[in-house]
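# Chain and residue survey
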Amino acid sequence: MSDTDSAAHPAAADSAAHPAAAPSFPPRTAVRGPQAEPTVREALLTRSQAADHARTAGADSDQRAQAVRGLMRAQLRLALILGVGFFCAVVLISLLLVTTGFGSLTLWGVPLAWAVPGVGFFPVLLVLAGLFRRRAELNEQRWAEVLGLSLQSSVSTAAPQAALKTTPNPRPGSGAPR
Amino acid sequence: MTGEQIAVLAAVALVCAVTLLLGGPGFSRSTGDFFVASRRVPPWMNASAIAGEFLSAASFLGVAGLILAHGTYGLWFPVGYTAGFLIVLLFMAAPLRRSGAYTIPDFVVLRFRSAMMRRMTVLVVVAAGWLYIVPQLHGASIALSATGGAPGWVGPLLVALVVLFVVLTGGMRSVTLAQAVQYWVKLTALLVPTVFILLQVGFWERLELPEFHGAWSAGLATLGGTGDQWGDFSRSLSVLVALMMGTLGLPHVLVRFYTNPDGAAARRTTTFLLGLLVLFYLLPVLLGVIARMVWGTTAAAGELAGTGGLSHDTAILRLPAAVFDGLASDLLTALIAGGAFAAFLSTTSGLVVSVSGVLSQEFFSGTVRGFRLGALLAITVPLVVGSATSELALAGAVAMVFTFTASALAPVMLLGVWWRGLTAQGAFWGMAAGAVSSLAAQVLGLSLGEGPVQDGPLQLLVSPALWCVPLAFAVTVLVSRFGAGQPPSHTEAVMALLHTPEIVAARPSR
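Reading the values: the criteria
- Residues numbered from 1 in each chain as written.
- Chains lettered and ligands numbered in written order.
- Predicted model: local features only at pLDDT ≥ 70, side-chain atom pairs only at ≥ 80, totals over all residues.
- Heavy atoms only, no water.
- Helix = DSSP H or I, 4+ residues; strand = E, 2+ residues; numbered from the N terminus.
- Buried < 20%, exposed > 50% of the residue type's maximum accessible area, 1.4 Å probe, protein only.
- Contact = heavy atoms within 4.5 Å.
- Areas by Shrake-Rupley, 256 points an atom, 1.4 Å probe, with all protein chains shown as cover.
- pLDDT = per-residue confidence, 0-100.
- Axes fitted to C-alpha atoms, helices over the stretch in contact; angles between N-to-C directions.
- Parallel < 35°, antiparallel > 145°, perpendicular 65-115°, else oblique.
- Nonpolar A, V, L, I, M, F, W, Y, C, P; charged D, E, K, R; others polar.
- Polar contact = N/O pair within 3.5 Å; in protein donor to acceptor, adjacent residues only side chain to side chain.
- Left-handed = near helix turned anticlockwise from the far one by under 90°.
- Expected span 1.5 Å × (residues − 1).
- Salt bridge = Lys/Arg side-chain N within 4 Å of Asp/Glu carboxyl O.

Now for the overall build of chain B. In terms of regular secondary structure, chain B is built from 21 helices and 1 strand. Within chain B, the proportion of its 510 residues that are buried is 65%. Nonlocal contacts in chain B, meaning residues at least 24 apart in sequence, comprise 85% of its contacts between residues at least 6 apart. A total of about 16800 Å² of accessible surface is found on chain B, and carbon and sulfur atoms cover 69% of it.

Okay, here's the thing in C-alpha cells:
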C-alpha cells in the first residue's frame, strides 16, 4: 500500500508543477488494483487500528513478540485451569452422587442427585466467569505495561485513571500530529 | 374452536406481529449493517440478543420434556448449555472478536489462507445451520397443533415466512434488537406460569398431587428411563461434553461476537450472558420437576403419551391445563405458546442470518442481494427436509447438532486460536474426521435404535461425543505434527492480532 503511494505522489507533484508540459503525456497505462495479496493487517484492521499497530510495531519487534507469547501463555493457563477444573469437578461430583449414597441425601426435601445438577452448578459457573474476566483483563494490563501502551477503555473498568494520567490528551480539534 | 385455541392463536399472532414490527424495514444501509450491525451493539444488548437467539425450542420445551421422561438425565442439558458459554468465554470470546472476521469460514481463511479449508468449513457450517433449523420448525409444528389445533404444516410455514420477512428487510441490526426483546419475552412467558403453577401446587393446594417421592425416582421405566445408574452417568457425561464443546461451533452464536466493539466488550457480553442463561434455565428445570409430580404416576404418564407422539415436548404446554381450569389455564397456555413461538422465531432467524451470510460470501460474492438469496436458501432447505424427516425429541435432536459441531468445528477453532503448530492439513483432516465420525455414528445409531436415549454399545453411537471429540482433536494434532504441511507463514502475526488487546495510543516513554 505504502509502496504505491510513494510511487504515485512524485508523478502527481510533477504534473502540478509543470502545467505547460501537458502535451507530452506519458503513454496511457491501465490502472488496476494492487496486484499483491494484502497482508493480514491490511485486510483486517480498521484504519486507526492499522495506524496503532504500525506505530508500535517498529519500536521493538523482538520485545513485542516475546510479550505476545507471554500474554498468550498466561491467558491459556488461566482458561485451562478454570475450564478443565470445572469439568473435572463436575465429573467427580456426579460420580460421587452415583456411586455413594450421597445422592439420596436430601436438602429441604430435595435429593442431592437432583439438587446438584439442577441448580448447584449454576452459581459456580457465574463465579468462574467473573473471575476469568477480571484475571484476563489484568493479564492484558500487565502486557500493556511491559510495552508501555495504554489500552482502549471502551468497557474495561480496570485502572482507567492510570490510562488517563499517562496518555497525553490532545485538545479537541488540534489535529495532534503523532 | 375452544377458548384455549383462540387464546393460543392470538398469542402467537401477537408474537409474530411484534417480531415483524421490530424487524421491519429499518435503518440498515450497507453490507456491513446487514451482516454485523456495523459493530455498534452495546454489551447488555448483545448479551440479551445472544440469549434470545440461543434459547431455542430445545431449551424452552425440550428440557422440561426430558426431565419428565428421563429424570436427572434431563438436568444435564441446562448445565451443558450454560457451561458451553463458559468455554466460549474462556477460550474464544475475545480472540474471536479481535480476529475481525464476519463468519466462521472468514476466521478459517484468516488463520489458514486455504481455499480448501474454507470450502470445507462452509459445508460444515451450512450443514450445522440447516440441521439446527429443522427441530425449530418441528417445535413450531407441535406447539401449534398441540394447543392451537392447527394442522402440522402451519407452524413451520408461519415461522419461515416471518423470519424471511425480518431477515430480508432488516438484516442483522433489526434482528439484534428483535433478538434482545425475544429473550425477555421468553423469560416472562415461562416466569409468569411458573409462579402461578408454584402458587397453585404449593400454597393453594387445589391439586391432588401423587406421592411426592414419585417425582424424584430417577427415570421411570415406562417413560424410557433405564434405572441403570452407570448408563445414566456416561450418557450424561457425553451430553455434557457435546454441549460444552458444541457451543463453540454454533454459527449463529459466534457471529454475535463480531458485533461487540472490542475484545473486552466481548468478554463482558459473555459474562452477562451466563447470568441471563442461568436465570432462564431455573424455570424449565422447575417446570420439568413439577411436570414429573403431576404426571409422575405410570397411569398419568400413559394418559399423556396417549395424546400424541411428541408428548414429552408438549409437557410444558399442557401443564397449565393440568393444574388450573377455565380461563386461567387458557391464558397461561397461551402465554407459554407465545413464548415458545418467540423461541422458534429467534433461533431460526439467527440461524438464517448466519447461514445466509456464509452462503452469500461463498457463492454470491457477499452482496446484499446475495445475502437475500442465501436467506431464501437457508430456510427453504430445512423446510423441505423437516417435512420429510421423522420426529425426534426436540432436546435430543438439538443435542445431536451440538455433537456434530463439537466434533467438526470445536477442535479446529480451539487449536486455531491457541496453537501455533496447527497446519491447514491438520485442520482439514481433523474437521473431516469429526464431521464424518459424529454424523455417521448418530445416523447409524438412530437407524439401529429407536431414539436418542439408548443403552450399552448403541449408546456410543447415539451419543458419540465422548469419543468423537477426542478423535477429532487427536487427528488434528497428529496430522499437524507429522503430516507434510507447515504451519502458515503468517501464524505469528495472526496470533498477535487475536491475543493482544486493542490499543489507544503509545504512552510517552518514561
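Turning our attention to the overall build of chain A. For chain A, the count of helices and strands is 6 helices and 3 strands. Along chain A, helices and strands appear, N-terminal first, in the series α-α-α-α-β-β-α-β-α. A buried classification covers 30% of the 178 residues belonging to chain A. Of the contacts formed within chain A by residues at least 6 apart in sequence, a portion of 50% connects residues at least 24 apart. A total accessible area of about 11900 Å² is found for chain A, and carbon and sulfur atoms account for 62% of it.

Another aspect to go through is the confidence of the model for chain B. All names here are of chain B. Scored by pLDDT, chain B comes out at a mean of 78, with 81% of its residues at no less than 70. In this model, residues 218-226 is a region of pLDDT below 50 whose contacts with residues beyond four sequence positions or in other chains number 21 contacts. Segment residues 306-310 is flagged for pLDDT under 50; beyond a separation of four residues in sequence, or across chains, it makes 4 contacts in the model.

Residues and elements named next belong to chain B. It is the contact of helix H5 (residues 72-99) with helix H11 (residues 263-294), at a shortest axis distance of 9 Å, that shows an interaxial angle of 175 degrees. Relative to H11, the element H5 is oriented roughly antiparallel. Along its contact with H5, which presents Leu75, Pro78, Tyr81, Thr82, Phe85, Leu86, Leu89, Ala93, Ala94, Arg97 and Arg98, the element H11 presents Gly263, Ala264, Ala266, Arg267, Thr270, Thr271, Leu273, Leu274, Leu277, Val278, Tyr281 and Val285. Among the residues making up the contact of H5 with H11, the classes are represented as 16 nonpolar, 4 polar and 3 charged.

Residue and element names in this part refer to chain B. Among the secondary structure elements, Ala242 is positioned in helix H9 (residues 229-246). Looking at Ala242, the relative accessible area reads 2%, which means it is buried. Residues Ala242 and Ala399, 157 residues apart in the sequence, show an inter-C-alpha distance of 7.1 Å. Residues within four places of Ala242 in sequence aside, it is in contact with Phe402, Thr403, Ala406 and Ala465.

Turning to the side chain of Arg420(B), a few remarks are in order. Topologically, Arg420(B) is positioned in the loop between helix H17 (410-418) and helix H18 (424-448). Judged by its relative accessible area of 18%, Arg420(B) falls in the buried class. A distance of 2.3 Å separates the side chain of Arg420(B) from the side chain of Glu492(B), its partner in a polar contact. Non-local contacts of Arg420(B), meaning those with residues more than four positions away in its chain, are made with Arg69(A), Met72(A), Arg111(B), Pro487(B), Thr491(B), Glu492(B) and Met495(B).

Once that is clear, we can look at unusual backbone geometry. Working note: non-glycine residues mostly have negative phi, and peptide bonds are mostly trans. Residue and element names in this part refer to chain B. Despite not being glycine, Arg113 shows a phi value in the positive range, around 50 degrees. With respect to the secondary-structure elements, Arg113 resides in the loop between helix H6 (104-112) and helix H7 (115-147). Arg113 sits in the partly exposed class, given a relative accessible area of 41%.

All names here are of chain B. The contact between helix H13 (residues 315-323) and helix H14 (residues 327-363) brings their axes to 8 Å, and the two run at 165 degrees. The orientation of H13 relative to H14 falls into the category roughly antiparallel. For H13 against H14, the interelement crossing comes out right-handed. Between H13 and H14, the residues in contact are Ile316, Leu317, Pro320 and Ala321 and Ser329, Leu332, Thr333, Ile336 and Ala337, respectively. Residues that form the contact of H13 with H14 fall into these classes: 7 nonpolar, 2 polar and no charged.

Since the α-helix packs 3.6 residues into each turn, any two residues three or four apart lie on the same face. Residues and elements named next belong to chain B. Here H11 spans 47 Å end to end across 32 residues, near enough to the 46 Å set by a 1.5 Å rise per residue. The buried fraction of H11 amounts to 27 of the 32 residues, a majority that puts the element mostly inside the structure. For H11, the N-terminal cap is Asp262; the gap from its side-chain oxygen to the backbone nitrogen of Ala264 is 3.2 Å.

Within the element layout of this structure, Ile316(B) appears in helix H13. Along the backbone, Ile316(B) and Phe60(B) are 256 residues apart, and their C-alpha atoms lie at a distance of 8.6 Å.

What follows is about the pattern of salt bridges. One pass over the structure, following the stated rule, counts 6 salt bridges over all chains. Of the charged contacts in the structure, one is a salt bridge between Glu492(B) and Arg69(A), with a shortest N-O distance of 3.5 Å. Taken together, the positions of Glu492(B) in helix H21 (residues 491-499) and Arg69(A) in helix H4 (residues 61-99) put the pair across two chains. On the basis of relative accessibility, which here comes to 33%, the residue Arg69(A) falls in the partly exposed class. Linking Arg267(B) and Glu140(A) is a salt bridge whose minimum nitrogen-to-oxygen distance equals 2.6 Å. Note that Arg267(B) is positioned in helix H11 and Glu140(A) in helix H5 (residues 112-147), a pairing that runs across two chains. Of the two residues, Arg267(B) and Glu140(A), both sit in the buried class. One salt-bridge network, held together by shared partners, links Arg69(A), Arg420(B) and Glu492(B).

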